[in-house]
Amino acid sequence: QDQCPGGSCSPQLGDLMVGRAAQLSASSTCGLDGPQNYCIIGYLEEGQKCFTCDSRLPYDRYSNPNSHRIENIITTFDPERKMKWWQSENVHQVSIRLDLETVFQFSHLVLTFKQSFRPAAMLVERSKDFGRTWKVFRYFAEDCSLHFPSVSSELADSVDDVICDSRYSGSEPSTDGEVVLKALDPIFEIQNPYTPNIQLITVTNIRVNFSRLFTLGDTLLSRRRRNPQDKYYYALYNMVVRGSCFCNGHASRCTPVDGGRGDVFTQTGMVHGRCVCQHNTAGENCEKCQDFHHDSPWRPGGEDTADICRCNCHGHSDSCHFDAIRFEVTGGMSGGVCDDCRHDRTGPQCEQCRPFLFQDPQRATDDPHACI
């Protein structure tokens, strides 16, 4: 089950949010400091359908159903899943952040909004150095020229193009509206993601920034009506970050990263981050050759992995290193040089006896007593 027959292989995709409630945060959540009122659009004028948000304690269907903390957006399939959600305060600028424990391969992001409009403007950022630097992945706006005037709204030509998308920011639907972000648009999707010249999207952090509420012409400071801001906020049923652990095409499954925080890394359905490497590769992301397998250089998994990370020291050394000059001289056949040959051996593969000794014809090359 762990093997990768032939060419490259990849672990299955899953929801990177599952099991990571402790690594999820929001810059604004209603009711954290005490009860706050909010109303549902369409009922404010009659003074009806207003509710209380109290998120001082976690959500519980019976004892605390009005808690709308950020962990509520992690997808579950229980019958009451539509009874809980995350909700912000009545402010424009709000961000949601997911911090991963290692590098993961990103597939797509889906946000499902509750009984609130999708943002008039928002953007998604990604980091691949644990939050030290960030890069905008995609802008979303009802009016791109108004909210992000310097950003192109044309179709992307490559996965690195940053554009503004207006498909997911309108007033309809006002319930269960979605925002969808794919790592690769359909025109870039390919059968083998490890084909050369195709850049994979890897992430250690995802940040969703809501920058402008959809307010139906009102402003948050307006006082023409009674507390018009009570009906404007962000509310999400679900946030799905789809992806897999990143193994460079050299693993079909992954295990928890060492040093994981307790039971959080044992939740059913969780996508783990440490690759179970094949093809003689090693590292958290199978990004290097195993020790003693440097006769041919490392490279990402592809159609043929037979000549990746191999080394032969005939049992006379415990390590070898890759030598680019030897690899070139041999026409790409062998670049491995064995380190510290034992048993009176010498040569790049410990295949020769040292000076003044010769190979006993009655013994095999890997015999430790063959040099006499």
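Nothing here was measured: the structure is a model prediction, and the numbers come from that model.

So what exactly am I meant to see when it comes to the layout of surface pockets here?
If a probe as big as a water molecule is rolled over the atoms, it shows which places are left empty. Considered as a void within the structure, the second largest pocket measures approximately 260 Å³ in volume. As for the second largest pocket, its lining consists of 17 residues, of which V18, G19, I74, T75 and Q267 are closest to the centre. The residue inventory of the lining of the second largest pocket, partitioned by class, reads 7 nonpolar, 6 polar and 4 charged.

Looking at this structure, how should I read the pairing of strand β11 (residues 202-212)?
With 10 of 11 residues buried, β11 lies mostly within the body of the structure. Alignment of strand β6 (residues 94-113) against β11, held across 8 bridges, turns out to be antiparallel. Counted as the bridge partner of L98 is I206 from β11. Pairing geometry for strand β7 (residues 121-127) and β11, over 7 bridges, is antiparallel. Its bridge partner being in β11, M122 is matched across the sheet by F210.

Looking at this structure, how should I read the state of the cysteines?
By definition, a disulfide links the sulfur atoms of two cysteine residues through a covalent bond. A full pass over the atoms with the stated rule returns 10 disulfides. Here C277 engages in a disulfide with C286; their sulfurs sit 2.1 Å apart. Between C277 and C286, the S-S torsion sits near -100 degrees, and that sign places the bridge as left-handed. Disulfide pairing is shown between C341 and C350; the S-S distance is 2.0 Å. Since a negative S-S torsion denotes a left-handed disulfide, the C341-C350 link at about -80 degrees is left-handed.

Would you take a moment to explain the nonpolar core for this structure?
Note on soluble globular proteins: their nonpolar side chains tend to be buried together. Among the nonpolar cores identified, the biggest contains 44 residues, and I96, L111, V208 and F210 are the most heavily contacted of them. Residue assignment for this core shows that the elements contributing at least two residues are β6, β7, β8 (135-141), β10 (178-182), β11 and β12 (235-245). A total of 9 residues in this core trace back to one element, the largest contributor, which is β6. Residue contacts for L111: discarding those within four places in its chain leaves M122, G177, E178, V179, V208, F210, L236, N238 and M239. The next biggest cluster of nonpolar side chains, apart from the first, holds 9 residues, and it includes L123, V136, Y139 and C164.

Teacher, can you tell me more about the side chain of R20 here?
Inspection of the secondary structure puts R20 in the loop between β1 (14-15) and β2 (24-26). R20 gets classed as buried once you look at its relative accessible area, which sits at 0%. Among the polar contacts listed, one links the side chain of R20 to the side chain of E101, at a separation of 2.7 Å. In terms of polar contacts, R20 uses its side chain to reach the backbone carbonyl oxygen of V271, at 2.7 Å. What R20 contacts, discounting residues up to four positions off in sequence, is I74, L98, L100, E101, F104, M270, V271 and H272.

Reading the values: the criteria
Going along each chain's sequence as written, the residues are numbered from 1 onward. Thresholds applied to this predicted model are a pLDDT of at least 70 for local features of residues and 80 or more for the giving and counting of side-chain atom pairs; totals over whole chains, interfaces and linings are not thresholded and use all residues. Water and hydrogen atoms play no part in the side-chain values, which are based on all heavy atoms of the structure. The definitions used throughout rest on a 1 Å grid laid over the protein atoms alone, on which a cavity is an enclosed set of points accommodating a 1.4 Å probe that cannot get out and a pocket is an open set flanked by protein within 12 Å on both sides along at least five of seven lines; lining residues are those having an atom within 4 Å of a point. Grid points are joined across faces, edges and corners, and a volume is the space filled by probe spheres set on the points. The classification used treats Ala, Val, Leu, Ile, Met, Phe, Trp, Tyr, Cys and Pro as nonpolar, Asp, Glu, Lys and Arg as charged, and all other residues, Gly among them, as polar. Note on classification: 1.4 Å probe, protein chains only; a residue is buried when its accessible area is under 20% of the maximum for its type, exposed when over 50%, partly exposed between these limits. Working definition: helices are DSSP H or I runs of at least four residues, strands are E runs of at least two. Numbering for both runs from the N terminus. Strands qualify as paired when DSSP identifies two bridges or more between them. Any two cysteine sulfur atoms within 2.5 Å of one another count as a disulfide. Only buried residues count toward a nonpolar core. Its members are Ala, Val, Leu, Ile, Met, Phe, Trp, Tyr and Cys residues joined through side-chain atoms within 4.5 Å. Contacts between residues were defined by any pair of non-hydrogen atoms, one from each residue, lying within 4.5 Å. Counted as a polar contact is a pair of N or O atoms within 3.5 Å, where, for protein atoms, one must be capable of donating a hydrogen and the other of accepting one, and residues adjacent in sequence contribute only when both atoms are in side chains.

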